[in-house]
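Architecture and fold: a report
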Amino acid sequence: MTAGFLHDPAGPPPIEDYALIGDGASAALVSRAGSVDWLCRPRFDSPATFAALLGTPAQGRWRIAPLAAEPRVARAYRGDSLVLETRFLLPEGEVALTDFLVSRDSHASALVRLVEGRRGCVTLGFDCAPRFDYGARHPRTLPCAGGLCFDSGEDRLLLRGATEPAFSFPLAAGERRAFVLGPEGGVPDPEAALERTLADWADWAAPLAVPRGPYAEAARRSLVVLKGLIHAPTGAMVAAPTTSLPEAPGGPRNWDYRFCWLRDSALAVASLLRAGATAEAAAWREWLLRTVDDPAGMQIMYGLDGTRDLAESERPDLPGYTVAGFAPARPVRIGNAAHGQRQLDVWGELAETLDLARTAGLADPPGLWNLQRALTEQLAALWEQPDAGIWEVRGGARPFVHSKVMAWVALDRAIRSAERAGLPAPLARWRSLRAEIHAWVCTHGYSEARGSFVQSAGATALDAALLQIPLTGFLPPSDPRVQNTIAAIEAELMHDGLVWRYESADGLPPGEGAFLACSFWLAEARARQGRLREARALFESLLDLRNDVGLLAEEYDPRAGLTLGNFPQAFSHLALLDAARRLGT
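Fair warning: this is a prediction, and the values are worked out from it, not measured in the lab. (Residues numbered from 1 in each chain as written. Predicted model: local features only at pLDDT ≥ 70, side-chain atom pairs only at ≥ 80, totals over all residues. Heavy atoms only, no water.)

Thoughts on the overall build of the protein chain
Counting its secondary structure elements, the protein chain contains 13 helices and 27 strands. In terms of C-alpha radius of gyration, the protein chain reaches 24 Å, essentially the compact-globule figure of 25 Å for 585 residues. If one aligns the C-alpha atoms of the protein chain with their principal axes, the spans along those axes are about 75 × 50 × 45 Å. The burial tally for the protein chain puts 62% of its 585 residues in the buried class. A separation of at least 24 residues holds for 67% of the contacts in the protein chain among residues at least 6 apart in sequence. When the accessible surface of the protein chain is totalled, it reaches about 20300 Å², and 52% of it is carbon and sulfur. Charge separation in the protein chain, taken as the distance between the mean sites of 59 positive and 70 negative side-chain charges, equals 3 Å. (Helix = DSSP H or I, 4+ residues; strand = E, 2+ residues; numbered from the N terminus. Rg over C-alpha atoms; globule rule 2.2 N^0.38 Å. Buried < 20%, exposed > 50% of the residue type's maximum accessible area, 1.4 Å probe, protein only. Contact = heavy atoms within 4.5 Å. Areas by Shrake-Rupley, 256 points an atom, 1.4 Å probe, with all protein chains shown as cover. Lys, Arg positive; Asp, Glu negative; His and termini not counted. Charge placed at Lys NZ, Arg CZ, Asp CG, Glu CD.)

Here's what the structure looks like:
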């Protein structure tokens, strides 16, 4: 039996139609149509239980929505939380659907869906179809005490509040129904779980220091998103809760982002730290200490529990996310081969965040300075080597200028920490190396012929990552070379109001959207130049790219009007926060 939805497209809706809900261990994406099309449980990187996002309803989903006609939809988060309320408005009535994830002590996620009649009487359709292992396994559906069981091998879920997987029911004003999908034992009182979840979010958000002014709301939502991407049991943070949402419609730029990049997580933790969220920074530093136990073998990313082997594989059984008018984006990838790359900038982001934590008053846990000192010494031996760079190119290593700038940052922040805290360090040698790296960048990274810094030594291509030169303090915004570089990026990498990452080949087929963090960097760089009107204009145009609940993906194609890439993306939200902090005071 099916619920018989009248408006039920075979493929997923636009990426921006989704909202994130999460519990600090996993996450789900809920569409404007009331469909949970993505849920990995019990962890962000677990195989998906609902995977319609990467195919069709056959890959698993859970939809609750009006049957009779396509309703008007209004939705919002409840306060500073990831509790989502979706209102369906029809001539005959209105209902509200509240979705959230609740986590037990075991972090075995339970998904709660509450429906309430607000006006008139509306007939709702219900269709809950879990499909384990990204849709590959169809469980048996069995009656259980209190509801239904979905059973397949080691995977077993209990649905409470329903005795059939698909049915319809009327809901009149004042009536409420609760449905819970999770492990046996689950959530005995969904209403109490809702109040507790809202209270926990409110307690977390209340002391945050958010940039004042017109950008406060956007900053608060971005902080909540970053919090929602943290795996609380370990302190790690995923770059995004999804895999294989394409950077170009129908193309092969489809990556799994459900892992902890040292760069992305360090930058996100820094943004949280600046807002006063010290507990997350402390947990992340402990994760770092547990995970990078051998500095010589440090990877650029790890699994949430410190797993090193993130071997990349393809899932030909999944159709892939489909943008209307394009072929499905294939292949669907699980794992990420970039974990084996060398990216020298990572040392800089780590050092920046560790120094910021000390400045914020967080005492070092035992062994942290020893780890940072060992990493700094390792960088001293590696910094001249080519690498894959911040963009993880798959076309061969190069002497990326941004990587060398961040190597300078690694030395500079380590020196600063040692000087401020009296930590033991070979300061004379480190200062000499810092000066050597600075001289290398200014000599080999700047092209007199081009009149700007360039992507890699000996090349002429530009790179938006060069905007980090003034943002990190490598050179002041007033330096003519910096001004020339910003002007060159505006002239040659900026199209239709957004900044593209680079103009050179990266070993993959061409074609992608504008990487949103780059445009936020430009807004911040303009502000540091004193070009506040231009900075605010760009920043506000970027805010307009958020969806109706304030979420950003990785990229955007302004010509096609398409949101692209994994969603929501930590990098986009942390870059928004950094720019808002510069502009919103």
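A few points about the sheet that holds strand S25 (residues 514–515)
Ordered in space as S25-S26-S27, the 3 strands form an open sheet in which the pairing is antiparallel. Looking along the sheet, the strands with just one partner apiece sit at the ends: S25 and strand S27 (562–564). The pairing of strand S26 (residues 555–557) with S27 spans 3 bridges and is antiparallel. Following the sheet pairing, Asp557 is matched in S27 by Leu562. (Pairing = 2+ DSSP bridges.)

What about the nonpolar core?
Among the nonpolar cores identified, the biggest contains 192 residues, and Trp62, Phe126, Trp521 and Phe539 are the most heavily contacted of them. A total of 11 residues in this core trace back to one element, the largest contributor, which is helix H7 (residues 401–421). Counting residues in each nonpolar core, the second largest holds 11 residues, with Val83, Phe100, Ala110 and Leu114 among its members. (Core = buried A, V, L, I, M, F, W, Y, C linked by side-chain atoms within 4.5 Å.)

Here's the deal with the state of the cysteines
Tallied over the full model, the rule gives 1 disulfide. One disulfide in the model links Cys144 with Cys149; its S-S distance is 1.8 Å. With the S-S dihedral at roughly -135°, the linkage between Cys144 and Cys149 falls on the left-handed side. (Disulfide = S-S within 2.5 Å.)

Some words on unusual backbone geometry
For the bond running from Arg330 to Pro331, omega is 5°, close enough to zero to count as cis. With respect to the helices, strands and loops of the structure, Pro331 is situated in the loop between strand S19 (313–314) and strand S20 (333–334). Positive phi values are uncommon outside glycine, yet Asp133 reaches one of about 55°. Tracing the chain through its elements places Asp133 in the loop between strand S9 (110–129) and strand S10 (140–144). The partly exposed category is assigned to Asp133, whose relative accessible area is 26%.

What about the packing of helix H2 (residues 216–228) against helix H13 (residues 570–583)?
Interaxial distance between H2 and H13 falls to 9 Å at its minimum, and their mutual angle equals 145°. You can see that H2 and H13 cross each other, and the crossing is left-handed. Seen from H2, the contacting residues are Ala218, Ala219, Ser222, Leu223, Val225 and Leu226; seen from H13, they are Ala570, His573, Leu574, Leu576 and Leu577. The residue inventory of the contact of H2 with H13, partitioned by class, reads 9 nonpolar, 2 polar and no charged. (Axes fitted to C-alpha atoms, helices over the stretch in contact; angles between N-to-C directions. Left-handed = near helix turned anticlockwise from the far one by under 90°. Nonpolar A, V, L, I, M, F, W, Y, C, P; charged D, E, K, R; others polar.)

Describing the pattern of salt bridges
Opposite charge on two side chains permits them to pair, given that their charged atoms come into close proximity. Per the stated rule, a full pass over the model turns up 47 salt bridges. For Glu85, the salt bridge goes to Arg118, with nearest N and O atoms at 3.1 Å. Pair noted here: Glu85 is in strand S7 (residues 84–90) and Arg118 is in strand S9, with a separation of 33 residues, a long-range link. (Salt bridge = Lys/Arg side-chain N within 4 Å of Asp/Glu carboxyl O.)

Quick notes on the pairing of strand S6 (residues 72–77)
Consecutive side chains of a regular strand alternate in pointing toward one face of the sheet and then the other. By the bridge criterion, 6 bridges tie S6 to S7 in an arrangement that is antiparallel. Paired with Val73 across the strands is Phe88, a residue of S7. The hairpin formed by S6 and S7 contains 6 residues between the paired strands, and Gly79 there has a positive phi angle of roughly 60°.

A few points about the pairing of strand S11 (residues 147–152)
Most of S11 is tucked away: 6 of the 6 residues are buried. By the bridge criterion, 5 bridges tie S10 to S11 in an arrangement that is antiparallel. For Thr141, the partnering residue across the bridge sits in S11 and is Phe150. Across 6 bridges, S11 lies against strand S12 (residues 155–160) in antiparallel orientation. Of the residues in S12, the one forming a bridge with Gly147 is Arg160. Linking S11 to S12, which pair antiparallel, is a turn of 2 residues; within it Gly153 sits at a positive phi near 60°.

Overview of helix H5 (residues 345–359)
A rise of 1.5 Å per residue sets the reference length of H5, with its 15 residues, at 21 Å; its end C-alpha atoms lie 22 Å apart and thus fit the reference within 8%. Summarising burial for H5: 14 of the 15 residues are buried, a large majority. Following H5 by one or two positions, Gly361 adopts a phi angle in the positive range, close to 95°. (Expected span 1.5 Å × (residues − 1).)

Considering the packing of aromatic side chains
According to the stated counting rule, one finds 20 aromatic pairs in the structure shown. Measuring from ring centre to ring centre gives 4.6 Å for Tyr215 and Phe539, while their planes differ by 65°; the resulting arrangement is edge-to-face. A residue pair is termed long-range when its members are at least 10 positions apart, and Tyr215 in the loop between helix H1 (190–205) and H2 and Phe539 in helix H12 (residues 532–543) qualify at 324 residues. We note that Tyr215, like Phe539, is buried. Three or more aromatic residues link up through ring pairs in this structure, and these residues are Trp62, Phe126, Phe167, Phe169 and Phe179. In this structure, Arg177 is placed above the aromatic ring of Phe169, and the distance from its NZ or CZ to the ring centre is 4.7 Å. Above the ring of Trp440, the side-chain terminus of Lys404 is found at 5.5 Å from the ring centroid. (Phe/Tyr/Trp six-rings, centres within 6.5 Å; stacked < 30°, edge-to-face > 60°. Lys NZ or Arg CZ within 6 Å of the ring centre and 35° of its normal.)

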